[in-house]
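Observations on chain architecture
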Amino acid sequence: MALPVVIFGAKLRPDGTAGRTLRLRVAAARAFGAGRDGAVMYMPTGGLPGPAGLTEAAVMTRLLVEAGVPPDAVMAEETAPDTLASVLACSRLLQRQGYGGPVAVASSAYHLPRCMLLMRMMGWRVVRVPPPGVPAARGWGRRWFWRLREGAALPWDVLLLALWRLRHGRGGD
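Cut-offs used in this document
- Residues numbered from 1 in each chain as written.
- Predicted model: local features only at pLDDT ≥ 70, side-chain atom pairs only at ≥ 80, totals over all residues.
- Heavy atoms only, no water.
- Salt bridge = Lys/Arg side-chain N within 4 Å of Asp/Glu carboxyl O.
- Buried < 20%, exposed > 50% of the residue type's maximum accessible area, 1.4 Å probe, protein only.
- Helix = DSSP H or I, 4+ residues; strand = E, 2+ residues; numbered from the N terminus.
- Pairing = 2+ DSSP bridges.
- Contact = heavy atoms within 4.5 Å.

Looking at the pattern of salt bridges
Counted by the stated rule, this structure contains three salt bridges. What you see here is one network of salt bridges that share partners, running through Arg114, Glu150 and Asp157.

Observations regarding the pairing of strand S2 (residues 40-45)
In regular strands, side chains alternate between the two faces of the sheet. Burial within S2 is extensive, with six of its six residues counted as buried. Of the two faces of S2, the one lined by Val40, Tyr42 and Pro44 and the one lined by Met41, Met43 and Thr45 are each fully buried. In the sheet, strand S1 (residues 3-8) pairs with S2 via six bridges, with the strands oriented parallel. Within S2, the position partnered with Val6 by the bridge is Met43.

Quick look at the side chain of Glu56
As for its position among the elements, Glu56 is in helix H2 (residues 56-66). Glu56 has contacts with Gly9, Ala10, Lys11, Leu12, Leu22, Thr45, Gly46 and Leu48, leaving out every residue within four places of it along the chain.

Right, here's the structure in full:
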């Protein structure tokens, strides 16, 4: 299997289209994959349907295909409602494929440390996809909101994943 590039989702606009954050994450993943001569399998994840009924993963899949990625180079994970659930669902999907190599992780700069740590906790060797070169939020107030939110979410998700692993084993189903 080609190197999986897990692209973590972000909230859709009310009309079901990708917001700035989601478009930037997909573009960063696409740039990373293009630098590897197409030897990647994109894994957009995010199962929260927006008002238009589309999931984040479905919208990212469409963006990737519109950018020239062959549909068979995309393996969408459309069930996970949040970051931790995405880590678990993508891990299960990769394990079912018999994959045991490294996993690339794509997200915004503020979100990337949590995504990478959780994937490592699931036993994956993690490759960091360079995040978008611009902040996800334009205003400083919104940037600090997301940073502070991540400051609370990271230890919470680490605790939840540690408890999950105690119940299910290292990467169990």
